[in-house]
Amino acid sequence: MKKLETIQNEIILEVLKKRGINENYLEFMLNAKIEDIEDPFNLENIELAVDLIIKNMKEGKPILIHGDYDADGITSLALLYRALEKIYDKNKIIPYIPNRFKEGYGFSENSIKIAKELNSKLIITVDCGITGISEVKKAIDENINVIITDHHEPLDILPNASAIIHPKISPRYNFKQLTGVGVTFKLIMALFKKLNINTRKLLWDLDLVSLGTIADMGELTYENRILVKYGLIVLEKSKKAGIKAIKYISGIKEKISPWHISFIIAPRINAAGRMSDPIYSFKLLTLKNGKEVLEISKILNELNKKRQYEERKIIESVSMQIRDKLDNYVLVLSDWGWHEGVIGIVASKICEKFNKPTIIISKLGEFSKGSCRSIEGFHIQKALKELSYLLEEFGGHSMAAGFTIKTENIELFEREIERIARRELKDYQLKKIFNYEVEIKPADINKQFIIDYAKLSPFGIGNEHFTFLHRNLKIISIEKYKRSLEIVFSNGKIKFKTKVFQPEKGWLELKVGDIVDLIFKFTDNFISKEGFNIKALKFIK
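Structure report, in brief. (Residues numbered from 1 in each chain as written. Predicted model: local features only at pLDDT ≥ 70, side-chain atom pairs only at ≥ 80, totals over all residues. Heavy atoms only, no water.)

1. A few points about the sheet that holds strand β9 (residues 391-396)
Moving on, step 1. Pairing is mixed in the open sheet, where five strands are placed in the order β6-β7-β8-β10-β9. Strands with a single pairing partner mark the edges of an open sheet, and in this sheet they are β6 (331-336) and β9. The sheet shows a mean angle of 15° between the axes of neighbouring strands, direction not considered.
Moving on, step 2. Both β9 and strand β10 (residues 400-406) contribute to a ladder of five bridges, which runs antiparallel. Residue pairing across strands places Gly395 opposite Gly402, the latter belonging to β10.
Moving on, step 3. Against the sheet, helix α13 (residues 290-322) makes contact with β6 and β7 (358-363), and its axis sits at roughly 125° relative to β6, the strand it touches most.
Moving on, step 4. Sheet strands in contact with helix α14 (residues 343-354) are β6, β7 and β8 (367-373), and its direction is about 40° off that of β8. (Pairing = 2+ DSSP bridges. Helix = DSSP H or I, 4+ residues; strand = E, 2+ residues; numbered from the N terminus. Axes fitted to C-alpha atoms, helices over the stretch in contact; angles between N-to-C directions. Contact = heavy atoms within 4.5 Å.)

2. A closer look at the sheet that holds strand β4 (residues 145-149)
Moving on, step 1. Across the sheet, five strands lie side by side as β2-β1-β3-β4-β5; this open sheet has parallel pairing. Two strands lie at the open edges of the sheet, namely β2 (93-96) and β5 (163-165), each paired on one side alone. Geometrically, the sheet is characterised by an average inter-axis angle of 15° between neighbouring strands, direction not taken into account.
Moving on, step 2. Of the strand pairs in this sheet, strand β3 (residues 122-126) and β4 are connected by five bridges, and their pairing is parallel. If you follow Ile123 over to β4, its bridge partner there is Val146.

3. Focus on the packing of helix α11 (residues 258-275) against helix α12 (residues 279-286)
Moving on, step 1. Where α11 meets α12, the closest approach of the two axes is 7 Å, and the angle between their N-to-C directions is 140°. Viewed along their axes, α11 and α12 adopt a mutual orientation that is oblique. Across from Arg268, Ile269 and Ala272 in α11, the residues of α12 making contact are Tyr280, Ser281 and Leu285.
Moving on, step 2. Partitioned by chemical class, the residues of the contact of α11 with α12 number four nonpolar, one polar and one charged. (Parallel < 35°, antiparallel > 145°, perpendicular 65-115°, else oblique. Nonpolar A, V, L, I, M, F, W, Y, C, P; charged D, E, K, R; others polar.)

4. Topic: the pattern of salt bridges
Moving on, step 1. Throughout the structure, instances matching the rule amount to 38 salt bridges.
Moving on, step 2. Between Arg82 and Asp205 there is a salt bridge, and its shortest N-O distance comes to 3.2 Å. Of the two residues, Arg82 sits in helix α4 (residues 71-87) while Asp205 sits in the loop between α7 (180-194) and α8 (206-215), which places them 123 residues apart along the sequence.
Moving on, step 3. Residue classification places Arg82 among the buried residues on the basis of a relative accessible area of 14%.
Moving on, step 4. Glu509 serves as the salt-bridge partner of Lys505, at 3.9 Å between the closest nitrogen and oxygen. (Salt bridge = Lys/Arg side-chain N within 4 Å of Asp/Glu carboxyl O. Buried < 20%, exposed > 50% of the residue type's maximum accessible area, 1.4 Å probe, protein only.)

5. So, the packing of α12 against α13
Any two packed helices are characterised by how steeply their axes cross, that is the angle between the axes, and by the distance between the axes.
Moving on, step 1. Relative to each other, α12 and α13 sit at 145°, their axes nearing to 9 Å. At the point where α12 passes α13, the crossing takes the left-handed sense. Between α12 and α13, the residues in contact are Tyr280, Ser281, Lys283 and Leu284 and Val293, Ile296, Ser297, Ile299, Leu300 and Leu303, respectively.
Moving on, step 2. Tallied by class, residues from the contact of α12 with α13 come to seven nonpolar, two polar and one charged. (Left-handed = near helix turned anticlockwise from the far one by under 90°.)

If you want it as structure tokens, here you go:
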């Protein structure tokens, strides 16, 4: 019997105790196996959904599978497609991804039209559909069954679908924080179990589950932690031509971590939906021809470069507006000509920099598109729901959302959401304070510390890297680049290397030889030949 992993280092145990992690959950974190994930049949309506799929396959009818254009939606769609083609005629599996610019987010009416033309009697949505009340009604009117699988915040009224699979409306399902790809995985598991097919065949697709979960900022606790932990192992060894191609084209040679997904792989997968056609990303994850997927990965790489260019343009424009709104509780920024496929990324960066809920709106004519990112304590989807009388449509969850609004209503929307933010938030919640969890000294960073800290990975939402304070670090080198600094600190024994992007004045004034107290976190691949890779948060000179 395999010996259970434990944590021995006192400093790590001290921080875990401060975080409220008890012995039972710590044992789960360290030792949970893929077999420990929850029974998919605990999800409400999942047996009904599985029976509908099996009935449809027996009748030999086409099945339309409806995804979304972000990484969570695309990995969900690819996962479902790959599973169905193992058990059904792939010519009768019709993947559909709405166009961000023509159709917007969510269950698209155009998919119903296509299903009708192909005589399909079943649509399965992944990572969308929970707010598609009118779309589901149209499908029913056309005698088409709809299975909704989603994780976004449901409204008070649910669509009248044939089956809705959603952890937050499933009383018997313990873990409520599955992402879209996680919910899709559980549907496939249930389907394979009902057909008496060994579900271990699905484990080689956990790379897609980890990719979608991390890209969508899923909470890395409980079941998500298991799926991501084992998914990263599969991602490292993935036999998928598309995964190999995207790793090659983006220059990933080291062990893949959540950081690589968040900042290298997912942006390229998202770039297709943001800048062009998301079908490129779907094909990347489903085609088996190495030459073909290599060409697609090159296209995604170029689209990502275009996305970065558009992003820089918007950030420069946004910076001018922010100066007049620094006293606001929520930053609402809008203008003509901002690329609507990029505003979500800009909202994330502004939100992180200023620690305020941020809404970026692209004015497109009579109607405008908005993308929102929020902070702890301000549920952005609920705020949009309160202002739904000003919106044409909206959707999302507590930390991120999107909407369409009449351009003439933007000014009133800004006033009203500021009113809600001032009601819900306190001043202290808007202050970016870098409290540290533990002070660390040179003697503390020993072999056992490194071994035990690595056991806590994967790190992410809900299992963040520790925040350390290390006093009296000496700056031994500073490299200045166009948009960043690379600084190496030393405590006399160990070196700590950090990159500071878009550095503010204080960072730019540092010199080699300066002695500072530093608050920092480790990065995912924190061990290097030179010492440690860190993310510096704050220094005290």
